Structure formats: structure tokens, C-alpha cells
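# Examining the three-dimensional arrangement
In case you want the letters, here they are:
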Amino acid sequence: MTNHWIDIQHADVIVCIGSNPAENHPVSFKYVEKAMDNGAKLISVDPRYTRTSSKADIYAQLRPGTDIAFMGGLINYLLTNDLIQKEYVVHYTNAAFLVSEDFDFNDGLFSGYDPENFSYNKESWAYQLNDNGMPKRDDTLEHPRSVYQLMKKHYARYTPEKVCEITGTEIQSYMEVARTIASTHKADKVATVMYAMGTTQHTYGTQNVRSYAMLQLLLGNIGMAGGGINALRGESNVQGSTDYAILYHILPGYLKVPTYDNVNLAAYNEKWTPKTNDPQSANWWSNTPKYMTSLLKAYWGEAATEQNDFCYDYLPKRSGNYSYIRLMERLQNGGFEGMVFMGTNPIVGGPDVNAIASGMDKLKWLVAVDLWETESSVFWKRPGVDPKSIDTEVFLLPAASSVEKEGSISNSGRWTQWRYKAVNPPGHAESDAFIVHQWVTHLKKLYQEDGVFPEPIVDLAWNYGDGHEPDIDLVARECNGRFTRDVVIKGKAFKKGEQVPSFAYLQADGSTTSGNWLYCNSYTEEGNMMQRRGKEDPTGMGFYPNWAWCWPVNRRVLYNRASVDLQGRPWNPKKPIISWNSMTRKWEGDVPDGGWVPMNEDETKSPFIMIPEGYGRLFAAGLADGPLPEHYEPMESPVANAMTSQQCNPAVAIPGKINNSGKYPYVGTTYRVSEHWQAGAMTRNLPWLVELVPDMFVEISEELAESKSLKNGDMVTISSERGQIEARVLVTERIKPLRVQGKLVEQVGMPWHFGFNGLATGGTANTLTAAVGCANTTIPEFKAFLCNIEKGGINS
Amino acid sequence: MGISRRNFIKGSCLTAGAVALTGKQSEAGVDSPEMRTKGLQTSTTVCPYCAVGCGMIVHTKNGKIVNIEGDTEHPINQGSLCSKGSALFQVANNERRLDKVQYRAPGSDKWEEKSWDWAMQRMAKLMKETRDRNFVTEEEINGTTYTVNRNDGMAMLGAAALDNEECYLLGKFARAMGVGYLEHQARI
Ligand code: SF4
């Protein structure tokens, strides 16, 4: 989230799209309702009429996977009717930038397309540069090559009629949505966007998010109180586990994982440190070398020296895409001997789970660490499989729950809060920290004797006390970082061993360590900031600056320097996030996004500090599938693309096991319920929650039920090209068929929490989903696929 | 275990037992919450389910959790919890929780109980063998040889259920092992 939960109360318009907070983030809805009590309008855009929809002022139904069409039409509405926050757009976004004369868009393809590799050469998407190497601009926004005009032309095609033909939305509600959202283009009005996996789980998920962000930039809503673009994260620490980079492509703090051709640290820094010729751009990532060296020093301590490139060679270098789907493909090809699962259940939560399960049969060994016996840890006795035929050695290690260990977690609003240990884990169960600690200790011992390239393990700095488990306090200190010698930085003297006060003091010369630069400031000489429980709210805006800690440097709203005008005065004086005090010449309010003077003074910096050019990107040349979001159909779709002849995202290769033949006529989609959570182990084993929702079910419309002679509670079989499951049918008017391009399209919706093991069991919805992912992130397209539904169970 | 009414009631009774401490059940929870939890030890925590980050108070007695409720001091949830957060008590007190190290031998149809020591030694041996057998020191790409130092024999999946500090340790371990195939729930 650019903003945070409490901040939602400041919105004038709340757009829930691809999310259902009333169901899935229930306590957050407190702030939606608070805003509504103050007159805010709630818009729910969803294929189903959800609990959120039931509270909404406007409900707009859309077909799964048509967000870009929906948003494209809204962008068109804003640009055609000139309902944008112009001052913001000109000064804080790249709308005025000129784009290369070679950039083009033709029948669904952007310039530079390479059909053989499903990819783009992005050269023609670059800005035109002036003699100083800075992007050329036209502040009147009239130049035909300006981002503004290119965007206007691109989205002129998305007329309300065309959009509704694609999305299936009723045009009256669509226009009402457009008018309501557009009302926030006024400087002192603001809309927030709350989105979740309904947005991201598509072959163009990143472009879905971008289309929302563009809308918000045009309306001047990013950086504002009650504004921003807010991902509602589904797991208590999935924000933290992402910040800490349990991912193939990043290192802690979103540093890039080195690729094979970054042959040494200098080459790495050269490749991944963005450059700008604009003195007004803070270009925060120019600090990459400082953060990278500090990480290497945290990893390999004394062994990491300037002479040996700070042990840069110890890091594995990637030479491909190792994301979840690719990883599972390699598993199915017998590419792995062993796997480690830390509290995760891929044969319920992954795409095309039957394929994942049969891939696991090929493992020599599997380690699963969990609170419960999950489907994945007993894959060797899953229904229909003979355990004798599976040669995998399996270890199931009992783990401590959240109240049986201590440490921090980061919520969706980036608040990092400390949890204390209340009791010991049951029996022999141990914390994940203990388990990792034991592995490291054992492997260090083994590699001290012999082994291939033992240095990264033998030299690994692992000094977390002599206790039974690693001292989490020491780990938290290391994540923040410390000085490795006496130094003077920016006129301040620091002693060896002192905690680094913030990432502004990290260095590239080995004088600092930091396990995650983004968390540098979370544990300072003043103590563990994440443990704070101060209830003060000095501005009355709900920042609670002394409650826990949030990244970066306790800034509660990101890009907050866009919430003020060029003089540093809040666009909305009634709800200021920061404001410039011209007497003291200081910012007041939240921690400003960099302390530079306002935009009308010399030595200022542009507000979008993480982007090399410093401006919010309406046109983004870095993406795999185009600089402007364009509508394509999901990989499996019941209709042809009504916009262009490119049926699917041209930057995604079409995988096997996709069937558009008509054999599977209905649009399938998945979701969650309040009473269950993710792959289910944490809720399907609790009697209270199982009482509330004991069974797998599938939801269909009254019309579809009638045509299939189904009534509530009937057992049905749902099938797709990937497999089939059975479930009880729930016939509901909350699901309505959509009128798409003159044709009625039925939807089949189901929760994805169930599996064959546990207290409550049921068919796994992900048996049906396809292993095909977003062009940029490879997040699977869980939210739109084709399926069929027939009366009777699988064996009937 | 089946959907057990008895367990459901057992859980509720523990909470009710705490209420009864005041002797005035009907008033206790509303008028004098401090009496309701008298004699119990308290600590704070944050909900392990969704990322709203609701605060909770955990009450323990003699090393057992006897009650978990919303933290009224917490600025986000101000005491309220949803159905999942309210059920955390049953994560801490649940006979289905794993409490022993389990091992399944190749071709076997059942778990065997093992000691941590045995399992750790065996896992470390397997991990080392896998790493040593599958370690890619150099790779030739487009005619050039590059140092990649990667262990392609194993994959690690985690870890949204882990604390930040644990994620840090896991990531540090994975990279030292040369694991490139490191992924988690954020990708799905
Ligand atoms: S109590 Fe409910 S809303 Fe609050 S964090 Fe837990 S799951 Fe989310």
C-alpha cells in the first residue's frame, strides 16, 4: 500500500476492484465505513455481488479479466472531458514528456514486437532526449508525441459502449462509476483504490495495476491522504517476506539478484544502478552500491573485504526465470532432487495442482516445515496414488505458531509490528528460526570438512548467540545494520558496533552492514522501533508515528511530496499529510519523502524519488508487455478480443493444456471466504471455523442452475483442461450471467481453500487453473479460466 | 477428529472460566474487563492471518494460553477481530498440531517418529549431497563462460508465514547454499 489502513477513512471515493475487503480484510472495512459515514462513496467493481458490493453505493459487474478495458474507458472519460488534476499531471507525472518518433501501436501490438520470443525490443518506447540528455517536454501537453497525447489517442478507442461490450457492465452503472471517480480530479478531493488478487492474477496483472495507478495519477490522487494505490495483502507477513526477498529475482530491500553477466560487483553496480541527467531527480536507486555492499557485509561479515569484492562471488547468479511456474515445470521435468517447504502448501495453492503433485513424485527428498500435516506433506498418500511407487524421503518438521516465538511482521500498510512469545510450542515443535539455525550449523560443520565451493557456507556470518534458538533480537539488529568501524558520515561521528540510524548513512566501502536497507532505521541505538506502542496522533490524521515502525524511515504515506503544490502547500488543506513551514523552512506532518525544499525553489527534487526521472509514469517503458495497458483476453476466454486481433497478451507464450474449443463454456474464477484462509491448513484444522464453513462449494447463477437442472446442495463435477473436482452447488442471485458482445456468458465461482487432508476437506479449485502467468511477474492466471459443470459427483 | 462439538465447547469454556473469576459473569466482560483476566499473564501479538495487522492480547496461565482477544489499545483494530483472528485460540490449543518430527521412508505408507538430532543430520547430509552433485560453477552462454555458482538441485518455497527475522535467516541460508529457485506465496 502507498497509504495504510487507517488512512482509508480520509477518502471521498473508495474503489474496490479485484478485492473484497468486507470478506477478506474484514477489520479494514471499519475505515471504509468511517469514510462513508463522512459522505464518501463506495464503488465495488467485481464479477460477483460480494459482501463489499452489498455495502456499496455503486456496484459495477465486470467479466473476470477485463479490468484494463474498464479502466481504459475511465481514462478516456477523464481525458475527453478534461477531468484531470492538471497542475499535478504536468508537474508530477511524465505526461509532458515526448516519446520517440518510432513508437507506435498497431492492432494490439506495440512497436518492437518479436513474435518468436513473445517479447518486445523496447528501444522505440524511449523518451526523446535534449542536448543535456534529459527528456524533452511540452508543458502545454499539446505536442503529438507527448505522453499525454499518445495516451489520449490510445484510450480514445475505449468508448463506454465498447468497454461495456467487453466487460459486460451495464452502461448506466459504468457511467455512474466514471462520474463518481472523476469528481476527485479536484485538488481537494481524493479517491483510493483497494485492490487484491482479483487484479494481479492475470496474464496482464501488472498492467491491471498500472491502469489503476494511471487513473490515480491523472486525478492527482497519489501521495494524498485517503488516496494512493493500495494492495490488500492476504497474508500477515507477505509484505515482509517480499521485502526480505524470498523470491528468485530480488535480494532484501528489492535489490536485484545478480545475473550471470554481472561478472563482479562493479559490473553489478553498473548494470543495476539507474542513472539520470536531471539534477532535480533524487533517483534514490543511485544508492544501490551502498545497499548491496552493506548486504554482503551482513551476509559474510569479516570475510567480505574490498579486496575480494565483498564476497560477491558467493552469491548465486541467475541465468533465467526461476519463478514459481517455471520452478514447478522444472520439478515436473525431474530437475530437482530436493525441496524445502516453509509453511506452504503448493498442491492446494499452486496452479494446475495435479501437475505439481506428480512432479513431487520425482523428488529424492522433501522437507516440509509446518504447524499441520498439509496436503503437500502427504502428497505420497494422496487419493489415487500408491505410496509404494513413490521413493521420496519426506521430513515433516513441527513448527511453532505465531504466539510461540518472537519477531516482527509487516502489514499491508508497511507497519512492522513486534510479536512476543506467549508460550512454548507444543511437544517438540520449534520455531522456523531454530530450524534454519540447525541446518546452517550442521552444514557449516560438514562443509568445514569437504564439499563443492564450501566458502559461502563456511564463511557465512552466523552470530546469533549460544541459546537454544537464534537470538531474534540480534537478528533484528543485523537486519537494520551497524557500523563496522569508527567513521564520520555527513559530519556525524559513529563508533564501531553502533546501529546505523537510517539508510541515509549506509556506505559502499564496507564500513556499514545492513541485512535489509529498507529496514535500516527499524532498530537504532534508541532501541527496537518495531516494539513501540505510543498512541500519540499529533496531526490527528491517524499516522500514529510512535506505534511500531514502518518502512521507509517511518514514513506513513509514500510519495507524500506529491500531496502538496509547488509551494509546498497541501492540495487539500483540510487533510494535510505534510506542509512546508516557510518560517522554520521545514516540513511538518508525516516524514516527508525526502526533506528537500518545495518544487518552486532551487535544490528541490521531484516527488517520485524511486523513479530515475522523478516523475510518476503514465507511460512506462520498462514493462515486458507495453508502455500503456491494453486490453487482451485471458488465455482461456469464451469470446474473441473485441479491441484488436491479438487475442491474448502477446508477451506471454501460450502454454500447453489451454482449451478454447468450446468444450469448456463457462468462465471460472476463484476467491476466498472470511472463515478460511489461503490453502486452508490454518483454518480447516480449527473446529470453530470448520463449523462455520465445513464444505467446498461452487457458486452459479439461477439461470445456469435452471439450464443444468441443478438445485442448491446438489453434487456437481467441475472440469477444465487440467482436471476435475466435485463440490456442492450453491445457486445464487449474487452471480449473474454477463452480456458480452451480444452473448450471455455464465460464471462459475469457487473458493480455493480446500484439499483432501485436514479436519474439513474438499475439492481443490486449483486442480482447474492453468499454469500460465503475467508477462511481468509470472503470477498465475488464477482468476479467469474456462470450465464446465455437470450434475453428479466425479464417480456418478 | 471430525467436527467436534466437544472441542468447540472446551475452547469456549476456558474463556468462560476466565470470565467467572469476577464472580459476576454477566457484568464481568463489560464493566470490569480487568477482573476477567485477573491473575493471568498477558502479552501482545499481531494476527497471523491477513495483512490488516490487527493487535491481540494473549492471556496465559501456567504456560497455557487461556484466552486471546482483540487489543483495544491497537490503533487499527481497536479491539475488534474477524472470524479468523477470533479463532487464533484454537491454533494454540489444537490436538491436530504437529508436535513431533515425522519421517517417511522411500516407498513407505506411514510416518515414523524421529528425533531432531537424527533428522537434522540426515537432512544436512541430503542437502549437501544434492548441492555438491548439482552445483553449477560455470555456465557457457552465447559462447562466453560465466561464473554462476548456483545449486540447481534444490528449490526452496516459503515463507509468508515466517517473521521478518526468520525470512532474513532463510534467505541468507538459501543464498549461501547457492539456491536460485527460491520462491514463495507472493508470486501466487
Ligand atoms: S483479525 Fe481478521 S481482519 Fe484482523 S488481521 Fe486477523 S484476519 Fe485480518
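Residues numbered from 1 in each chain as written. Chains lettered and ligands numbered in written order. Predicted model: local features only at pLDDT ≥ 70, side-chain atom pairs only at ≥ 80, totals over all residues. Heavy atoms only, no water.

## A look at the packing of aromatic side chains
Residues and elements named next belong to chain A. Counted according to the given criterion, the structure contains 48 aromatic pairs over all chains. Ring centres 6.2 Å apart and planes at 65° place the aromatic pair Tyr92 and Trp571 in the edge-to-face group. Of this pair, Tyr92 sits in helix α5 (residues 86-92) while Trp571 sits in the loop between β21 (549-550) and β22 (578-581); the two residues are 479 residues apart in sequence, bridging distant segments of the chain. The class for Tyr92 is buried, based on a relative accessible area of 0%. (Phe/Tyr/Trp six-rings, centres within 6.5 Å; stacked < 30°, edge-to-face > 60°. Helix = DSSP H or I, 4+ residues; strand = E, 2+ residues; numbered from the N terminus. Buried < 20%, exposed > 50% of the residue type's maximum accessible area, 1.4 Å probe, protein only.)

## With respect to the domain arrangement of chain A
Residues and elements named next belong to chain A. Partitioning chain A into domains gives domain 1 (249-318 + 482-519), domain 2 (324-457) and domain 3 (666-791). Here the C-alpha centroids of domain 2 and domain 3 sit 27 Å apart. Of the roughly 1700 Å² buried where domain 2 meets domain 3, counting both sides, 65% is carbon and sulfur surface. On the domain 2 side of the interface with domain 3, the three residues burying the most area are Val348, Trp372 and Glu375, jointly 33% of the side's total. On the surface where domain 2 and domain 3 come into contact, there are 1 salt bridge. We note a salt bridge from Arg684 to Glu375, for which the minimum N-O separation is 3.0 Å. Applying the counting criterion to the domain 2 and domain 3 interface returns 9 residue pairs in polar contact (both at pLDDT 80 or more). (Domains from an automatic or database assignment. Buried area = accessible area lost by both parts, 1.4 Å probe. Salt bridge = Lys/Arg side-chain N within 4 Å of Asp/Glu carboxyl O. Polar contact = N/O pair within 3.5 Å; in protein donor to acceptor, adjacent residues only side chain to side chain.)

## Points about the sheet that holds strand β3 (residues 64-70) of chain B
All names here are of chain B. The antiparallel open sheet is built from 3 strands, whose spatial order is β1-β2-β3. Unpaired on one side and paired on the other, β1 (41-46) and β3 mark the two borders of the sheet. Pairwise comparison of adjacent strand axes, ignoring direction, gives a mean angle of 30° for this sheet. Both β1 and strand β2 (residues 55-61) contribute to a ladder of 6 bridges, which runs antiparallel. Looking at β2, one finds that Val46 is bridged to Gly55. (Pairing = 2+ DSSP bridges. Axes fitted to C-alpha atoms, helices over the stretch in contact; angles between N-to-C directions.)

## Topic: the interface of chain A and chain B
Every contact between the two is made by 169 residues of chain A and, on the other side, 123 residues of chain B. Both sides together, the interface formed by chain A and chain B hides about 12800 Å², and carbon and sulfur atoms give 64% of it. Across the chain A-chain B interface, the total number found is 8 salt bridges. Measuring nitrogen to oxygen at the nearest pair gives 2.7 Å for the salt bridge that ties Arg97 of chain B to Glu404 of chain A. (Contact = heavy atoms within 4.5 Å.)

## What about the sheet that holds strand β9 (residues 229-231) of chain A?
Residues and elements named next belong to chain A. The parallel open sheet is built from 5 strands, whose spatial order is β3-β2-β1-β8-β9. Each edge of the sheet is formed by a strand with only one pairing partner; in this case those strands are β3 (58-60) and β9. Ignoring strand direction, the axes of neighbouring strands in this sheet form an average angle of 20°. Relative to β3, strand β2 (residues 41-45) runs parallel, the two sharing 3 bridges. Residue Ser44 lies in a different strand from β3, and its bridge partner there is Tyr59.

## As for the nonpolar core
Residues and elements named next belong to chain A. Counting residues in hydrophobic clusters, the biggest one holds 141 residues, and the most contacted among them are Ile14, Trp300, Leu397 and Trp439. With 8 residues, the single largest contributor to this core is helix α17 (residues 432-449). Apart from residues lying up to four places away in sequence, Ile14 is in contact with Ile8, Val32, Ala35, Ala40, Lys41, Leu42, Ile43, Thr192 and Met194. In terms of nonpolar packing, the next biggest core, distinct from the first, is built from 83 residues, Val90, Cys164, Leu218 and Ala642 among them. (Core = buried A, V, L, I, M, F, W, Y, C linked by side-chain atoms within 4.5 Å.)

## What about the pattern of salt bridges?
Residues and elements named next belong to chain A. Summed over the entire model, instances satisfying the criterion amount to 40 salt bridges over all chains. The salt bridge partner of Arg48 is Glu699, with a shortest N-O separation of 3.6 Å. Of the two residues, Arg48 is situated in the loop between β2 and α3 (51-55) and Glu699 in strand β25 (residues 697-700); the sequence distance between them amounts to 651 residues. Of the two residues examined, Arg48 and Glu699, each falls in the buried class. Among the salt bridges present, the one from Glu101 reaches Arg145, with a minimum N-O distance of 3.8 Å. Of the two residues, Glu101 is situated in the loop between α5 and β4 (105-106) and Arg145 in the loop between β7 (119-120) and α6 (147-156); the sequence distance between them amounts to 44 residues.

## A closer look at the pairing of strand β1 (residues 13-17) of chain A
Residue and element names in this part refer to chain A. In terms of burial, β1 is a largely internal element, 5 of the 5 residues being buried. Of the two faces of β1, the one holding Val13, Val15 and Ile17 and the one holding Ile14 and Cys16 are both buried throughout. Relative to β2, β1 is paired through 5 bridges, and the arrangement is parallel. Opposite Ile17, over in β2, you have Val45 as the bridge partner. Both β1 and strand β8 (residues 191-195) contribute to a ladder of 4 bridges, which runs parallel.

## A word on the confidence of the model for chain B
Residues and elements named next belong to chain B. Averaged over all residues, the pLDDT of chain B equals 86, while 82% of them reach at least 70. In the predicted structure, residues 1-30 sits below a pLDDT of 50 and forms 41 contacts with residues beyond four places in sequence or in another chain. Scoring the predicted complex yields pTM 0.95 and, for the interface, ipTM 0.97. (pLDDT = per-residue confidence, 0-100.)

## Things to note about the packing of α17 of chain A against helix α7 (residues 164-176) of chain B
In contact at an axis separation of 9 Å, α17 of chain A and α7 of chain B are set at 25° when each is read in the N-to-C sense. Relative to α7 of chain B, the element α17 of chain A is oriented roughly parallel. Both α17 of chain A and α7 of chain B take part in a crossing whose hand is left-handed. Across the interface between the two elements, Asp432, Ala433, Val436, Trp439, Val440 and Leu443 of chain A from α17 of chain A touch Glu166, Leu169, Leu170 and Phe173 of chain B from α7 of chain B. In terms of residue class, the contact of α17 of chain A with α7 of chain B is made up of 8 nonpolar, no polar and 2 charged. (Parallel < 35°, antiparallel > 145°, perpendicular 65-115°, else oblique. Left-handed = near helix turned anticlockwise from the far one by under 90°. Nonpolar A, V, L, I, M, F, W, Y, C, P; charged D, E, K, R; others polar.)

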